[in-house]
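Each chain, written out:
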Amino acid sequence: MSHASATTAEHHRMRDEAAGLAPWRFWGPYVSCRQWGTVREDYSTDGSAWDSFPHDHARSRAYRWGEDGIAGWCDKNQRLCLTLALWNGRDPILKERFFGLTNSEGNHGEDAKEIWWHEDALPSHAWNRMGYAYPQREFPYATLVEENRRRTRLDGEFELLDTGVLDDDRFFEVWATYAKRGHDETVLRIEIVNRGPERAELHVLPQLAFRNTWSWREGSERPLVERTGPRTVRATCAALGAMELRLPSSLDAPELLFCENETNAVRHFGADPAEVARDRRPKDAFHDRVVHGDEGAVNAVPRGTKAAAWYRIALDAGARISIDLVLCPSTSELRPEQAPQVLADRRREADEYYAYIQRGIESPEARRVQRQAYAGLLWSKQYYEFDVRRWIDGDPTQPEPPDARRTGRNAQWRHLAASSVLSMPDTWEYPWFAAWDLAFHCVAIANIDAAFAKGQLSKLLTDHYMHPSGELPAYEWAFSDVNPPIHAWAAWRTYLIDKRRHGTADHDFLASVFNRLLLNFTWWVNRKDSFGRNIFEGGFLGLDNVGVFDRSQPLPGGGRLQQADGTSWMAMFALTMMRMALELAHERPFYQDMAAKFFEHFLQIAEAMTQMGGKGVGLWNEEDGFYYDMMHLPDGRIEPIKVLSVVGLIPLFAVETIEPELLERMPVFRERLEWFLRERPEMAALVSRWNEPGRGERRLLSLLRGHRMKCLLRKALDERHFLSPFGVRSLSRELADRPYTLWIDGKSYSVRYEPAESQSGLFGGNSNWRGPIWMPMNLLLVESLQKFHHYYGDDFRIDCPVGSATKVTLLEAADEISRRATRLFMPGAEGVRPSTAMHPKFAQDPTLRQFAGFYEYFDGDTGRGCGASHQTGWTACIAKLMTPRGQDERHA
């Protein structure tokens, strides 16, 4: 059954959205968890974003480019935001956003220091649920900063649970559940549970605020939030009309607070307090009113651009309470009293939808993990605005930025003007889009929302993002950093998933992205193939510290680095473009020429990896059975960097098969292919053929013939090297005892297996490719093995794991990697999930033990989660690996 014929309520909503009948995605959880400390909010002279706008400023300075908050909800243009603020009566500040350490404060870089989780969500955002553990004791802000700053990179991280602040269960479970009745009618249920051993009070403040869009230019519209009744707040602007926040009659009417979503000029610029109008109090007014009891801190009249409903709630031990709110157009008849029915309906519909999506997954726990992975992806959508030209030149009503801005960070990206809901890697630690992360997000989310995935992939290829040269922006810290060119792979995979799920082929999408990707491919050929020999560079290529030295910088001693991964990514790029062109040629035969062009380019890359510059030196090392980066030194020598890292496994990813039936329908392509193989015998040897009686020859296009593939798999599936109990590592474990050392100009450079957090400061030190497990690499390896199996069949068998007596097919090896990766998130015999094994409370607490930890990467030995704690972005690739093969098209 395809999505096109599915009858769940959610499928109907998504079809209505696609048909333009109801914009169900217009409202959603698009508010970031962190806006402070980002490049786009940095207006400093030295580009130190973390110091320019720290957490301490966030409550009292207006953001230029976006908003943040706890459990935030907004329209797709982030005009109006609904967020949650809390106070336990002890904290020094009102809790309006999650806290974490800056890059310099954390002993492994920036790090969120709160506990929250995403339980559920639907693609239309008709149902969304998340939870947060808010301490009843004073939040240990200073302790977390001081202790982590004291620790070295060799020490473990000091987490919130380590402070003891949650001991004896002295915390509130705070749940935020959003459900829509109609596309513009939202119910918010705030549930509070006192998990502590005694009665405790909590101040709960749902906040409604307009994003500040009026302070930057003269004449900008100033929207209005005002009280229209004891339980009603109206928000009015030209774009949204009149929206109302309606409060429940079942609880005592809260105190309604109003202020302006503007900077506190007294605190930040030394303004005279007497000059601050009583009806123009700044954005931290609620903090002063609630925490310090200052009745004059808020607007004297009940209106402004930011409002809050202040509830004071006292709960006995174990007790719970719900606050049901409604955000809807003023013309809507929806009332908070109807919230229970809306919530019950949408929860039931969410269960029905995922029962359809997850058919074939028998384990209830596996279904829970996959559903949470999808929830994290959907909650990680974020409104992202960044107009680089305006950021560099400054706003008319604000101080002029420093002159250094015009030649500094991202100065060559003045054309970039983002203003969209984008899929973020992690809305606290990485609250900005990253090109290659986004590609993996799209492949993971396509199974439940292919339309969104296609829109994301297309958006990054538009002129608002892509450089006129064809380069794709990496991320806001340095748009010119080079990420692996996997956008074509993601577009092709998304197209196939969409085609299978919906029963129709979206050729318009495929043609559109193909034509834009031609520009990107050309940029790579012109900019990253220094010698014109089809051996590519690229710098760090998203793998941060995987190399002996920083691969984004010039080589010590001069020369150039020719990269096995850069070249392999380009081979994969060429093959994917060929496959896309062949698909388009079914309806548009002229694409056969483009398919032939990319076929030939792939073969040239494959040949170059074997014969660099005609010197008989390749990236392949026959003695070791592995691919290595090569240093092309100033004196003409070419030396390998013999590190057994994931860089040498990436050649496995460049693989496609061509069926004889396809060639029969592509006469122009077939003629070019056969001429090339006949007239270029040295390249013909790079193409494997398999004859099936009655069908003709199936052709395998790969950087690897059978021998080299087996060599690489002997490393990848060897538990002494890459294969861990939880997937494939990024570096051979053998380097733990025998690190690789390279001497250049009398200085040594070393790489050692580091299974968890980085012991190096490269790229900020907050990620590590020297041993941990990274989900995207495991996904690509699994898909490649499935493609190889499609060609070689069941007769081709290998040891898995190496050294065992177990012979498996390539498909079974792929399944074994998927099973091992899935173990990261599944409770073991004692109820411990490896991904959250860092503290016993995650296994013992009745609520926390239900949630898997979708971390950025995982300890190569234990599976413990490391890095960003909510990077459901590409770690949600586990949802793809958990999809039963019968429902997927991974080897297509």
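So, a few notes on the structure that sits alongside this text. (Residues numbered from 1 in each chain as written. Predicted model: local features only at pLDDT ≥ 70, side-chain atom pairs only at ≥ 80, totals over all residues. Heavy atoms only, no water.)

Describing the overall build of the chain
Each helix and strand in the chain was counted, giving 23 helices and 35 strands. Taking 29 Å as the expected radius of gyration for a compact globule of 892 residues, we find that the chain reaches 28 Å, a close match to that expectation. Principal-axis analysis of the C-alpha atoms gives the chain an extent of 85 × 65 × 60 Å. Split into buried and exposed, the 892 residues of the chain put 64% on the buried side. Pairs at least 24 residues apart make up 72% of the contacts formed inside the chain by residues separated by at least 6 positions. Computed over 110 positive and 124 negative side-chain charges, the inter-centroid distance for the chain is 2 Å. (Helix = DSSP H or I, 4+ residues; strand = E, 2+ residues; numbered from the N terminus. Rg over C-alpha atoms; globule rule 2.2 N^0.38 Å. Buried < 20%, exposed > 50% of the residue type's maximum accessible area, 1.4 Å probe, protein only. Contact = heavy atoms within 4.5 Å. Lys, Arg positive; Asp, Glu negative; His and termini not counted. Charge placed at Lys NZ, Arg CZ, Asp CG, Glu CD.)

Remarks on helix 1 (residues 9–18)
Considered for burial, the residues of helix 1 that qualify are Glu10, His11, Arg13 and Met14. When helix 1 is viewed along its axis, its buried side chains cluster within an angular range of 160° and face the same direction. In this structure, the buried residues of helix 1 make contact with helix 7 (339–357) and helix 10 (435–460). (Arc of directions from axis to C-beta.)

Some details on the environment of Val482
Following the sequence through the fold, Val482 ends up in the loop between helix 10 and helix 11 (487–502). Considered as a pair, Val482 and Trp73 are 409 residues apart in the sequence and their alpha carbons are 33 Å apart.

Considering the nonpolar core
Membership of the largest hydrophobic core comes to 260 residues, with the highest contact counts inside it found for Val204, Phe440, Met578, Phe599, Leu652, Phe669 and Met777. When residues of this core are assigned to their parent elements, the largest contribution, 15 residues, is made by helix 10. Within the second largest apolar cluster, 20 residues are counted, among which are Ile93, Ile115, Ala133 and Phe158. (Core = buried A, V, L, I, M, F, W, Y, C linked by side-chain atoms within 4.5 Å.)

Concerning the side chain of Arg97
Among the secondary structure elements, Arg97 is positioned in the loop between strand 3 (80–87) and strand 4 (100–101). Given the relative accessible area of 8%, Arg97 is considered buried. Within the structure, Arg97 has its side chain in polar contact with the side chain of Asp68 (distance 3.0 Å). Look past the residues within four positions of Arg97 in its chain and what remains in contact with it is Cys33, Trp36, His55, Ala58, Arg59, Tyr63, Asp68, Ile70, Glu114 and Lys283. (Polar contact = N/O pair within 3.5 Å; in protein donor to acceptor, adjacent residues only side chain to side chain.)

Section: the sheet that holds strand 20 (residues 560–562)
Strand order across the open sheet formed by three strands is 20-23-24, with antiparallel pairing between neighbours. Each end of this open sheet is capped by a strand with a single partner; those strands are strand 20 and strand 24 (638–641). Each neighbouring strand pair of the sheet contributes to a mean axis angle of 30°, computed without reference to strand direction. Judged from the four bridges that link them, strand 23 (residues 629–632) and strand 24 form a sheet pairing that is antiparallel. Directly across from Met631, in strand 24, lies its bridge partner Glu639. (Pairing = 2+ DSSP bridges. Axes fitted to C-alpha atoms, helices over the stretch in contact; angles between N-to-C directions.)

Digging into the pattern of salt bridges
A full pass over the atoms with the stated rule returns 74 salt bridges. Put simply, Arg149 and Glu105 hold a salt bridge, and the shortest N to O gap is 3.6 Å. Note that Arg149 is positioned in helix 4 (residues 141–150) and Glu105 in the loop between strand 4 and strand 5 (111–112), a separation of 44 residues in sequence. For Arg149, a relative accessible area of 52% puts it in the exposed group. (Salt bridge = Lys/Arg side-chain N within 4 Å of Asp/Glu carboxyl O.)

Observations regarding the packing of helix 14 (residues 591–610) against helix 16 (residues 667–679)
Running from N to C, helix 14 and helix 16 cross one another at 25°; their axes reach a closest spacing of 8 Å. With respect to helix 16, the axis of helix 14 lies roughly parallel. Considering how the two elements wind past one another, helix 14 and helix 16 form a crossing that is right-handed. Counting all contacts with helix 14, which are made through Gln592, Asp593, Ala595, Ala596, Lys597, Phe599, Glu600 and Leu603, the residues of helix 16 involved are Pro667, Val668, Phe669, Arg672, Leu673, Phe676 and Leu677. When grouped by side-chain class, the residues that make up the contact of helix 14 with helix 16 number 10 nonpolar, one polar and four charged. (Parallel < 35°, antiparallel > 145°, perpendicular 65-115°, else oblique. Left-handed = near helix turned anticlockwise from the far one by under 90°. Nonpolar A, V, L, I, M, F, W, Y, C, P; charged D, E, K, R; others polar.)

A few points about the packing of aromatic side chains
Scanning the model with the defined rule gives 50 aromatic pairs in all. For the ring pair Phe521 and Phe598, a centre distance of 4.9 Å and an interplane angle of 90° mean the geometry is edge-to-face. Here Phe521, found in helix 12 (residues 507–528), pairs with Phe598, found in helix 14; they are 77 residues apart in sequence, far enough to count as distant. With respect to class, Phe521 is no different from Phe598; both count as buried. Cluster of aromatic residues (ring-pair linked, three or more members): Trp65, Tyr384, Phe386, Trp391, Trp413, Phe433, Tyr465 and Phe479. For the cation-ring pair, Lys283 lies above Tyr63, with the distance from its terminal atom to the ring centre recorded as 4.5 Å. If you follow Lys454 out to its NZ or CZ, it ends over the ring of Phe509, 5.9 Å from the centre. (Phe/Tyr/Trp six-rings, centres within 6.5 Å; stacked < 30°, edge-to-face > 60°. Lys NZ or Arg CZ within 6 Å of the ring centre and 35° of its normal.)

Digging into the sheet that holds strand 2 (residues 70–75)
Pairing is antiparallel across the open sheet formed by six strands, whose spatial order is 1-2-3-10-16-14. The two strands at the open ends of the sheet, each matched to only one other strand, are strand 1 (27–28) and strand 14 (255–259). Sheet topology note: the strand 10 (residues 200–210)/strand 16 (residues 306–315) ladder contains eight bridges and is antiparallel. Note that in strand 16 the partner of Leu208 across the bridge is Ala307. Against the sheet, helix 6 (residues 285–292) makes contact with strand 3, strand 10, strand 14 and strand 16, and its axis sits at roughly 140° relative to strand 14, the strand it touches most.

Read these as geometric descriptors, not functional statements.
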